[in-house]
Amino acid sequence: QVQPVESGGGLVQAGGSLRLSCAASGSIDGILVTGWYRQAPGKQREFLASITRGGSTNSAGSVKGRFTISRENANNTVYLQMNSLKTEDTGVYYCKADRGLRGVSWGRGTQVTVSS
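Caption draft 1: Fine view of the sheet that holds strand 3 (residues 18-26). The antiparallel open sheet is built from 4 strands, whose spatial order is 1-3-8-7. The open sheet has two edge strands with one neighbour each: strand 1 (2-7) and strand 7 (67-72). Strand-to-strand twist in this sheet, taken as the mean axis angle between neighbours without regard to direction, amounts to 20°. Taken together, the 6 bridges between strand 3 and strand 8 (residues 77-82) define a ladder with antiparallel strand orientation. Bridging from a neighbouring strand, Cys 22 pairs with Val 78 of strand 8.

Caption draft 2: The arrangement of the pairing of strand 5 (residues 45-52) in detail. In this sheet, strand 5 lies alongside strand 4 (residues 33-39) in antiparallel orientation, the contact comprising 7 bridges. Note on strand 5: the bridge partner recorded for Trp 36 is Ala 49. Connecting strand 4 to the next strand, strand 5, in antiparallel fashion are 5 residues, including Gly 42 with a positive phi near 75°. Bridge count for strand 5 against strand 6 (residues 57-59) is 3 bridges, and the pairing is antiparallel. Following the sheet pairing, Ile 51 is matched in strand 6 by Thr 57.

Procedures and definitions
- Residues numbered from 1 in each chain as written.
- Predicted model: local features only at pLDDT ≥ 70, side-chain atom pairs only at ≥ 80, totals over all residues.
- Heavy atoms only, no water.
- Pairing = 2+ DSSP bridges.
- Helix = DSSP H or I, 4+ residues; strand = E, 2+ residues; numbered from the N terminus.
- Axes fitted to C-alpha atoms, helices over the stretch in contact; angles between N-to-C directions.

This is the structure we're talking about:
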């Protein structure tokens, strides 16, 4: 089992920055890809960015150039640096640990609110 735990959310003004953290515990050696997702009020959960065990990254067009995903293997943490935040970035941000055939694990989310 893997348990991702998100942190770093909060209230920020438009144009500001936040850095989210996803710390994983458990069978972390089996994690192939770690991803960040967002669920805005009244909307479906959407993909934002991901990073593989090897360090390859991918991001959604809507956040490219503003959000950056990175990892620190020493403490089993994946980060999402968010810059130039917009009010439409408001939502609950989730971390997903994908272990392939062994399944996926979701964190409980962290709230990000961007005020105008």
